[in-house]
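Each chain, letter by letter, is given below.
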Amino acid sequence: MNPDHIHAAKRQMEVGNINNFGEKVAFILSVADLLRGPYRPNQFKNVMLPMTVLRRLDCVLEPTKDQVLERLRLNLMLPTNGGY
């Protein structure tokens, strides 16, 4: 990934100068170009869909993330009984 492209995308998001549909499309395609860099076109479906699903799950579960991490921490402290 080209660092200049990443910085340009971040600046564009920060400035909030995505005003029209064409600019939004161009921005999305530029991000897609960054993401697909090391992958060949026949590999996109194997990478993009799982990443999209994971991101969506992350967004949906975000309100309970702290509770889940605390539960994990507590579960890791529990003694095991031989795997049963």
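Computed from a prediction, not measured in an experiment: that's the story for all the values here. For every chain, the first residue of its written sequence is number 1, and the numbers climb from 1 along that sequence. Under the rules for a predicted model, residues below a pLDDT of 70 receive no local features and side-chain atom pairs below 80 are neither given nor counted, while totals for whole chains, interfaces and linings still include all residues. Excluding hydrogens and water, the side-chain values take into account all heavy atoms of the structure.

Peer 1: Requested: an account of the overall build of the protein chain, with residues and values cited.
Peer 2: Scanning the protein chain from N- to C-terminus turns up 4 helices and 0 strands. Traced from its N-terminal end to its C-terminal end, the protein chain shows the element sequence α-α-α-α. The classification of residues rests on relative accessible area computed with a 1.4 Å probe and restricted to protein chains. Under 20% of the type maximum is buried, over 50% is exposed, and intermediate values are partly exposed. Within the protein chain, the fraction of its 84 residues that count as buried is 6%. Note on areas: Shrake-Rupley with a 1.4 Å probe; residue coverage comes only from the protein chains shown. By element, 63% of the accessible surface of the protein chain is carried by carbon and sulfur atoms, the whole surface being about 7600 Å². Strands here mean DSSP runs of E at least two residues long; helices mean DSSP runs of H or I at least four residues long; both are numbered from the N terminus.

Peer 1: If you had to explain the confidence of the model for the protein chain to someone new, which residues and values would you point to?
Peer 2: Looking at the protein chain as a whole, its pLDDT mean stands at 76, while 69% of the residues score no less than 70. Helix α1 (residues 3–15) is the least confidently modelled element of the protein chain, averaging 60 in pLDDT, while helix α4 (residues 65–77) averages 90, the highest of any element. Per-residue confidence from the prediction method is given by pLDDT, with values spanning 0 to 100.

Peer 1: Describe in detail a nonpolar patch on the surface, supporting the description with residues and values.
Peer 2: A surface patch of nonpolar side chains, amounting to about 670 Å² of accessible area, comprises Leu49, Met51, Val53, Leu54, Leu57, Val60 and Leu61. Looking at the element boundaries, valine 53 is found in helix α3 (residues 44–61). Put simply, a patch holds well-exposed residues, over 30% relative accessible area, that have no salt bridge, with like charges counted together within 9 Å and Val, Leu, Ile, Met, Phe, Trp or Tyr side chains within 5 Å. Between Lys or Arg on one side and Asp or Glu on the other, a salt bridge is scored when a side-chain nitrogen of the former is within 4 Å of a carboxyl oxygen of the latter.

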